Amino acid sequence: MEIGEKKIHFVGAGSGAKDLITVRGADRLKQADVVIYAGSLINPEVLEYCPQAEVYNSATMTLEEVIDVMRSSYEEGKTVVRLHTGDPSVYGAIREQMDALEELGIEYDLCPGVSACFGAAASLGLEYTLPGISQSLIITRMAGKTEVPELETIESFSAHKTSMAIYLSASMMEELESRLLKGGYSKDTPAAIVYKATWPEEESYICTVGTLSETSRKHNITRTAVILVGDVIGKCGYEKSRLYDASFSTGYRKAKD
């Protein structure tokens, strides 16, 4: 459906910076009559795209209240944006909202966004998939109010010793550090704490797995941070990509002697 049609638009606000929302996401906001946004998790500057809209802060609302605003606004012929932090598909709790809308016969669509781990990588100049070091990125979290499946513990993922981005865990740094070490990372494995990645007030600290809790205490970081772990943070010891190797043929280029 075209931008501007009357329906519910789930939009990823991006990792923090106002201009890291997608062009489509910004257009959705510019045409919104009602915006329900994820409270303190979203840089308020993003709301400058929608000065005309009636704005609700979902941090103070229940699921039922959010759905009620969506339903009543939709029935009134209004365009509604449900604005989530980062990318809605990552810890956005959108499935339950979409199911409720489907039960009501209300149409919706999704607009992706830049998740915090990618904003953090850009800020730190990282590539998560360095040949010879890591070809995978694990996005996970510690168990909190939302449980983590038994097969998805920090320890089990740590056994892979690949790149890892850990969300929603800054308040449990000592336990996280212990579990990372127990799972297989060494104390000297590079790590990083990125507070409010790409926000104007971003803070980032390079450390090691063995100094995660010490670093977070020193800088008083207990929330709104993504924790990165893996040898790719060291930015060394990797192999060059075969994609641009002169001796390697591709569908677009023959190998050179």
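Attention in this report is confined to the structure presented alongside it. Keep in mind the model is a prediction, meaning the values are calculated, not measured.

1. A word on the overall build of the protein chain
Consideration 1: Each helix and strand counted, the protein chain has 7 helices and 10 strands in total.
Consideration 2: Each principal axis of the C-alpha atoms in the protein chain carries an extent, and together these give about 60 × 50 × 35 Å.
Consideration 3: Split into buried and exposed, the 257 residues of the protein chain put 45% on the buried side.
Consideration 4: Long-range pairs, those at least 24 residues apart, make up 68% of the contacts in the protein chain between residues at least 6 apart in sequence.
Consideration 5: Side chains of the protein chain give 26 positive and 37 negative charges; the mean places of these two sets differ by 6 Å.

2. Observations regarding empty space enclosed by the protein
Consideration 1: For the coordinates displayed, the defined rule picks out 1 cavity of 30 Å³ or more.
Consideration 2: As a volume, the largest cavity reaches approximately 40 Å³.
Consideration 3: If you go around the largest cavity, the residues you meet are A13, G14, S15, G16, L41, I42, N43, V46, T85, G86 and W199.

3. Description of the layout of surface pockets
Consideration 1: Its boundaries defined by the atoms lining it, the largest pocket holds a volume of some 1500 Å³.
Consideration 2: Considering the residues around the largest pocket, the lining is formed by 49 residues, among which L41, T85, Y91, R141 and L168 are closest to the centre.
Consideration 3: Mapped by element, the contributors of at least two residues to the lining of the largest pocket are helix 2 (63-75), strand 4 (80-84), helix 3 (95-103), strand 6 (137-141) and strand 10 (225-229).
Consideration 4: Among the residues forming the lining of the largest pocket, the class breakdown is 22 nonpolar, 18 polar and 9 charged.

4. Remarks on the side chain of S213
Consideration 1: Residue placement: S213 occurs in helix 7 (residues 212-218).
Consideration 2: What makes S213 buried here is its relative accessible area of 8%.
Consideration 3: The residues contacting S213, other than those within four sequence positions of it, are M173, E174 and E177.

5. Considerations on the state of the cysteines
Consideration 1: Inspection of the entire model under this criterion finds 0 disulfides.
Consideration 2: Take C236: it sits in no disulfide, and the sulfur closest to it among the cysteines is that of C207, at 16 Å.
Consideration 3: Relative accessible area serves as the criterion here: at 52%, C236 is assigned to the exposed category.

6. Section: the sheet that holds strand 10
Consideration 1: Spatially, 5 strands are ordered 6-7-10-8-9 in an open sheet, and the strand pairing comes out mixed. If you trace the sheet from one side to the other, it starts and ends with strand 6 and strand 9 (203-208), each paired once. Here the average twist between neighbouring strands, direction ignored, is 20°.
Consideration 2: Both strand 6 and strand 7 (residues 163-167) contribute to a ladder of 5 bridges, which runs parallel. Bridge pairing in strand 7 places T140 opposite I166.
Consideration 3: The strands touched by helix 4 (residues 116-124) within the sheet are strand 6, strand 7, strand 8 (190-195), strand 9 and strand 10, with strand 10 carrying the most contacts at an inclination of about 65°.

7. Details of the sheet that holds strand 2 (residues 34-37)
Consideration 1: Taken in spatial order, the 5 strands of this open sheet run 3-2-4-1-5, and their pairing is parallel. Strand pairing shows two members of the sheet lacking a second neighbour, strand 3 (54-57) and strand 5 (108-111), which therefore form its edges. Strand after strand, the sheet turns through a mean of 20° between neighbouring axes, direction not considered.
Consideration 2: Packed onto the sheet, helix 3 meets strand 1 (8-12), strand 4 and strand 5 and runs at close to 155° relative to strand 5.

8. Concerning helix 6 (residues 173-183)
What sets the pattern is the α-helix's 3.6 residues per turn: residues three or four places apart point alike.
Consideration 1: All buried positions along helix 6 are accounted for by M173, L176, E177, L180 and G183. For helix 6, the angular spread of buried residues about the axis comes to 135°, placing them on one side. Every exposed residue of helix 6 that faces more than 90 degrees away from the buried side is listed here: E174 and K182.
Consideration 2: Of the surrounding secondary structure, the elements contacted by the buried residues of helix 6 are helix 5 (154-158), strand 7, strand 8, helix 7 and strand 10.
Consideration 3: Just beyond helix 6, the residue with positive phi is G184, at close to 145°.

9. Some remarks on the nonpolar core
Consideration 1: If you look at the biggest cluster of nonpolar residues, it comprises 22 residues, and the most contacted ones within it are M164, I166, L176, L180, L212, I227 and V229.
Consideration 2: Contributions of two or more residues to this core are made by helix 5, strand 7, helix 6, strand 8 and strand 10.
Consideration 3: Leave out the neighbours within four places in its chain, and L212 touches M173, E177, L180, A191, I193, C207 and I227.

10. Quick notes on the packing of helix 2 against helix 3
Consideration 1: As a packed pair, helix 2 and helix 3 sit with axes 11 Å apart at the nearest point and diverge in direction by 45°. By the criterion of interaxial angle, the relationship of helix 2 to helix 3 is oblique. Crossing handedness for the pair helix 2 and helix 3: right-handed. Between helix 2, through L63, V66, I67 and M70, and helix 3, the contact on the second element is made entirely by E96, Q97, A100 and L101.
Consideration 2: When its residues are assigned to classes, the contact of helix 2 with helix 3 shows 6 nonpolar, 1 polar and 1 charged.

Basis of the calculations
- Residues numbered from 1 in each chain as written.
- Predicted model: local features only at pLDDT ≥ 70, side-chain atom pairs only at ≥ 80, totals over all residues.
- Heavy atoms only, no water.
- Helix = DSSP H or I, 4+ residues; strand = E, 2+ residues; numbered from the N terminus.
- Buried < 20%, exposed > 50% of the residue type's maximum accessible area, 1.4 Å probe, protein only.
- Contact = heavy atoms within 4.5 Å.
- Lys, Arg positive; Asp, Glu negative; His and termini not counted.
- Charge placed at Lys NZ, Arg CZ, Asp CG, Glu CD.
- 1 Å grid on protein atoms, 1.4 Å probe; cavity = no way out; pocket = protein on both sides within 12 Å on 5 of 7 lines; lining within 4 Å.
- Points joined across faces, edges and corners; volume = space filled by probe spheres on them.
- Nonpolar A, V, L, I, M, F, W, Y, C, P; charged D, E, K, R; others polar.
- Disulfide = S-S within 2.5 Å.
- Pairing = 2+ DSSP bridges.
- Axes fitted to C-alpha atoms, helices over the stretch in contact; angles between N-to-C directions.
- Arc of directions from axis to C-beta.
- Core = buried A, V, L, I, M, F, W, Y, C linked by side-chain atoms within 4.5 Å.
- Parallel < 35°, antiparallel > 145°, perpendicular 65-115°, else oblique.
- Left-handed = near helix turned anticlockwise from the far one by under 90°.

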